[in-house]
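Here is what each chain is made of, one letter per residue.
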Amino acid sequence: MSGKGAPITGGTDASGLDIVVIAATWHDEITNGLIAGAERVLEASGASYRLMRVPGSFELPVAAKVALEAGADAVVALGVIIRGGTPHFEYVSSAATDGLTRVALDTGKAVGFGVLTLDDEQQGLDRAGLPGSKEDKGAEAADAAIRTALALRALRS
């Protein structure tokens, strides 16, 4: 299980930042946990945010690109991809990861990466920030988006 050595999250003042949380619709229980964790961090930080849902993780990059080009300071991309018996897992995982990386580089804006790539549903439940979860990857992705957006702002000033 990941999580060892993770930075302390939260406590960052993100007043004035406009952030879009973009979440896929697959695997509702896990995804809703990720969304709740991201929203907790964003609310505590004072950032302005809104939620947009897309069909799946494959659609996250294009929605992130449009949100950032429309003026958002950062996006938090949330999705769940569970390995199955076909190569579909590798294709979607790669497309989402590579696409979100490209969006960040092309726009020069922060993309909080909260796409879980899992072998089974239990791994997602353990990471979704639900009661009994060991980690809260939605919160971590939101915190990363905030901190990166603030660092980029400081670099540009």
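Residues numbered from 1 in each chain as written. Predicted model: local features only at pLDDT ≥ 70, side-chain atom pairs only at ≥ 80, totals over all residues. Heavy atoms only, no water.

Draft legend 1. Broad picture of the nonpolar core. Within the largest apolar cluster, 27 residues are counted, with the highest numbers of intra-cluster contacts made by Leu17, Ile19, Ile30, Leu42, Val76, Leu78 and Ile146. Where this core is concerned, the elements lending two or more residues are β1 (18–24), α1 (28–45), β3 (74–82), β4 (110–118) and α5 (137–156). Here Leu17 is in contact with Ala47, Ser48, Asp73, Ile146, Ala149, Leu150 and Arg153, once residues within four sequence places are set aside. Ranked by size, the runner-up nonpolar core spans 18 residues in total, among them Ala67, Leu68, Val92 and Val111. (Core = buried A, V, L, I, M, F, W, Y, C linked by side-chain atoms within 4.5 Å. Buried < 20%, exposed > 50% of the residue type's maximum accessible area, 1.4 Å probe, protein only. Helix = DSSP H or I, 4+ residues; strand = E, 2+ residues; numbered from the N terminus. Contact = heavy atoms within 4.5 Å.)

Draft legend 2. Here's a closer look at the sheet that holds β3. Here four strands make up an open sheet; going across it, the order is β2-β1-β3-β4 and the pairing parallel. Only two strands of the sheet have a single neighbouring strand rather than two, namely β2 (48–54) and β4. Mean inter-strand twist for the sheet, computed between neighbouring axes without regard to direction, equals 15 degrees. Of the pairings in the sheet, the one linking β1 to β3 comprises five bridges and is parallel in character. Looking at β3, one finds that Ile19 is bridged to Ala74. (Pairing = 2+ DSSP bridges. Axes fitted to C-alpha atoms, helices over the stretch in contact; angles between N-to-C directions.)

Draft legend 3. Region of interest: the packing of helix α2 (residues 60–69) against helix α3 (residues 88–107). The interhelical angle for the contact between α2 and α3, taken along N-to-C directions, is 15 degrees, at an axis separation of 8 Å. Considering their axes alone, α2 and α3 lie roughly parallel with respect to each other. Read as a crossing pair, α2 and α3 show a hand that is right-handed. Here Leu60, Pro61, Ala64, Lys65 and Leu68 of α2 come into contact with α3, specifically with Ala95, Ala96, Gly99, Leu100, Val103 and Thr107. Its residues placed into classes, the contact of α2 with α3 shows eight nonpolar, two polar and one charged. (Parallel < 35°, antiparallel > 145°, perpendicular 65-115°, else oblique. Left-handed = near helix turned anticlockwise from the far one by under 90°. Nonpolar A, V, L, I, M, F, W, Y, C, P; charged D, E, K, R; others polar.)

Draft legend 4. Up close: α1. Compared with an ideal rise of 1.5 Å per residue, which puts 18 residues at 26 Å, α1 spans 25 Å between its outermost C-alpha atoms and is within 8% of the ideal. Turning to α1, its buried residues number three or more, namely Ile30, Thr31, Gly33, Leu34, Ile35, Gly37, Ala38, Val41, Leu42 and Ser45. Looking at the packing, one finds that the buried side of α1 touches β1, β2, β3, β4, α4 (121–127) and α5. A positive backbone phi angle near 85 degrees is found at Gly46, which sits one or two residues after α1. (Expected span 1.5 Å × (residues − 1).)

Draft legend 5. Structural detail: the environment of Gly56. Relative to the helices and strands, Gly56 is located in the loop between β2 and α2. Overall, the relative accessible area of 5% leaves Gly56 in the buried class. Separated by 40 residues in sequence, Gly56 and Ala96 place their C-alpha atoms 9.5 Å apart. Beyond its immediate stretch of four places on either side in the chain, Gly56 contacts Ala24 and Trp26.

Draft legend 6. Geometry of unusual backbone geometry. You will see that His27, though not glycine, has its phi angle at about 55 degrees, which is positive. Checked against the element boundaries, His27 lands in the loop between β1 and α1. A residue is classified by how much of its surface remains accessible, and His27, at 30% relative accessible area, is partly exposed.

Draft legend 7. Here's a closer look at the pattern of salt bridges. Considering all chains together, one arrives at 10 salt bridges under this definition. Two residues, Arg83 and Asp119, come together in a salt bridge whose shortest N-O distance is 2.9 Å. Of the two residues, Arg83 is situated in the loop between β3 and α3 and Asp119 in the loop between β4 and α4; the sequence distance between them amounts to 36 residues. Relative accessible area serves as the criterion here: at 44%, Asp119 is assigned to the partly exposed category. Each of Arg127, Glu135, Lys137 and Glu140 takes part in salt bridges that share partners, so that together they form one network. (Salt bridge = Lys/Arg side-chain N within 4 Å of Asp/Glu carboxyl O.)

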